[in-house]
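# Fold and contact review
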Amino acid sequence: MPIDSATSALNLSFSPTTSATGVIIPQSRSFTVSVNPVVLFSILDHFLRRQENQHRVIGTLLGVRSEDGSEVEVRNCFPVPHDETQNQVAVDMEYHHNMFELHKKVNAKEVIVGWYATGSNLNQWNALIQDFYSKEVFPPFQAIHLTMDTDLKNEEKLLGVKTYVSAPIGISAKPENCLFLPVPCDVKYFDAERSGLDLLASAKDRPDRSTSLISDMDHLEKTILSVQEMLERITDYVDKVLNGSVPADNNIGRFLMDTISVVPKIDKTEFEKMFNSHLQDLLMVVYLANMTRTQLAIAERLQLLT
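The structure presented is a predicted model; accordingly, all values stated were derived computationally and were not measured.

Parameters at a glance
- Residues numbered from 1 in each chain as written.
- Predicted model: local features only at pLDDT ≥ 70, side-chain atom pairs only at ≥ 80, totals over all residues.
- Heavy atoms only, no water.
- Axes fitted to C-alpha atoms, helices over the stretch in contact; angles between N-to-C directions.
- Helix = DSSP H or I, 4+ residues; strand = E, 2+ residues; numbered from the N terminus.
- Parallel < 35°, antiparallel > 145°, perpendicular 65-115°, else oblique.
- Contact = heavy atoms within 4.5 Å.
- Nonpolar A, V, L, I, M, F, W, Y, C, P; charged D, E, K, R; others polar.
- Buried < 20%, exposed > 50% of the residue type's maximum accessible area, 1.4 Å probe, protein only.
- Salt bridge = Lys/Arg side-chain N within 4 Å of Asp/Glu carboxyl O.
- Pairing = 2+ DSSP bridges.
- Right-handed = clockwise from strand over helix to strand, strands pointing away.
- Core = buried A, V, L, I, M, F, W, Y, C linked by side-chain atoms within 4.5 Å.
- Patch = residues over 30% accessible without salt bridge, like charges linked within 9 Å, V, L, I, M, F, W, Y side chains within 5 Å.
- Areas by Shrake-Rupley, 256 points an atom, 1.4 Å probe, with all protein chains shown as cover.
- Phe/Tyr/Trp six-rings, centres within 6.5 Å; stacked < 30°, edge-to-face > 60°.

## Regarding the packing of helix H5 (residues 216-242) against helix H7 (residues 268-305)
Helix-helix packing is characterised by the crossing angle of the two axes and by the distance between the axes. The interhelical angle for the contact between H5 and H7, taken along N-to-C directions, is 150°, at an axis separation of 11 Å. On the basis of the axis angle, H5 is roughly antiparallel to H7. Mapping the contact onto sequence places Asp 216, Met 217, Leu 220 and Ile 224 in H5 and Phe 275, Leu 279, Leu 282, Leu 283 and Val 286 in H7. Classifying every residue of the contact of H5 with H7 by side-chain character gives 8 nonpolar, no polar and 1 charged.

## Some details on the side chain of Thr 163
Looking at the secondary structure, you find Thr 163 in strand S10 (residues 161-168). Looking at Thr 163, the relative accessible area reads 1%, which means it is buried. Apart from residues lying up to four places away in sequence, Thr 163 is in contact with Val 33, Ile 144, His 145, Leu 146, Leu 181, Pro 182, Val 183, Pro 184 and Cys 185.

## Observations regarding the pattern of salt bridges
By the definition in use, this model includes 6 salt bridges. Between Arg 49 and Asp 45 there is a salt bridge, and its shortest N-O distance comes to 2.9 Å.

## With respect to the pairing of strand S8 (residues 111-118)
S8 sits mainly inside the fold: 7 of its 8 residues count as buried. Summarising the sheet, strand S4 (residues 58-65) and S8 pair through 6 bridges and their orientation is antiparallel. In the strand pairing of S8, Thr 60 is matched with Trp 115. Both S8 and strand S9 (residues 144-148) contribute to a ladder of 5 bridges, which runs parallel. Residue pairing across strands places Thr 118 opposite Met 148, the latter belonging to S9. Regarding the hand of the β-α-β motif, the stretch spanning S8, helix H3 (residues 124-136) and S9 is right-handed.

## Brief notes about the nonpolar core
Core analysis: the largest hydrophobic core is formed by 18 residues, its most contacted members being Ile 58, Val 91, Ile 112, Trp 115, Ile 129 and Tyr 133. Among the secondary structure elements, those contributing two or more residues to this core are S4, strand S5 (71-80), strand S7 (88-92), helix H2 (93-106), S8 and H3. Per-element tally for this core: the top contributor is H3, with 5 residues. Val 33, Val 39, Leu 61 and Met 148 belong to the second largest nonpolar core, which has 17 residues in total.

## Observations concerning a nonpolar patch on the surface
Among the surface-exposed residues, Ile 224, Ile 266, Phe 271, Met 274 and Phe 275 lie close enough to one another that they form a single nonpolar patch of about 430 Å² accessible area. With 3 residues, H7 is the largest single contributor of residues to the nonpolar patch. For Met 274, the position within the fold is in helix H7.

## Looking at the pairing of S5
Bridge count for strand S3 (residues 32-35) against S5 is 4 bridges, and the pairing is parallel. Across the sheet, residue Val 33 finds its bridge partner in S5, namely Val 72. Two elements, S4 and S5, share 8 bridges in a ladder whose sense is antiparallel. Following the sheet pairing, Leu 61 is matched in S5 by Cys 77. Connecting the antiparallel pair S4 and S5 is a turn made up of 5 residues, with Gly 69 showing a positive phi of about 75°.

## A word on the packing of aromatic side chains
Each pair of aromatic rings is reported with the distance of its centres and the angle of its planes. The final tally for this structure, using the stated rule, is 3 aromatic pairs. Relative to Tyr 133, the ring of Trp 115 has its centre 6.0 Å away and its plane inclined at 10°; by these criteria the two rings are stacked. In this pair, Trp 115 is assigned in strand S8 and Tyr 133 in helix H3, connecting sequence segments 18 residues apart. For the pair shown, Trp 115 and Tyr 133 are each scored as buried. Between Phe 132 and Tyr 133 the ring centres are 5.0 Å apart and the planes differ by 70°, which places this aromatic pair in the edge-to-face class. The class for Phe 132 is buried, based on a relative accessible area of 6%. Here Tyr 133 falls in the buried class, since its relative accessible area comes to 0%.

Now the structure itself:
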């Protein structure tokens, strides 16, 4: 595994092993991986901006771990230049280290948790790159390898996102002698990101695959209708349980009890008064924002005339 210091790249050569008489898989604690949607969009953007002769791209994953290491949350990522041929692969280590140093100045809590690659297949170079990132991850934790199927080769035509960890196999301790073990992975987003994701999801049903931002009032109406639909669904379930058509579930009952207990008891008239008051405040903010936007547009036009 020579390192070319002149180009500041990690050049790895692949030499297949002849045979193995034993398999050694170290014991590791089980953990789950959650990925922020921003990471997926960044990977897609990196893949779309790749060079013409590149069939896949790689990059570094950043995130946080729980104290016991059982949960890993991937919050960010950045691309890393690399070059692949049939005989070797080169990874720009200096670029990787410089980008991580710059990222630490912005968010010191996020650390290197692994790396990503587009494509659903695991080739001979994945093991060598995995060995490099295993040394970058804070010990004794393992580096995570995330793959995204940008070719849409699966039957569902979806961006198959999978995560792996590596375990050495065979007698000889070589970087390429490793086995990728899949680990559970899910997409985790915050409440503030839900609106943007729903807006992007609505664009797939349009002929031009585009959508526009909705107004505050339309968003409020959509939220109220969604809450009303959930309440109707819960009411229908409770009615079916009471008449005996659906068996009762203790877990759902406890969840409903916890939810209802945190809701303050407010008189209907008082609640309607509070809602109308907040609605008037919202309309006033929208009105002032539109007025400010209009005044800025007029001032810009006057500036151009002078």
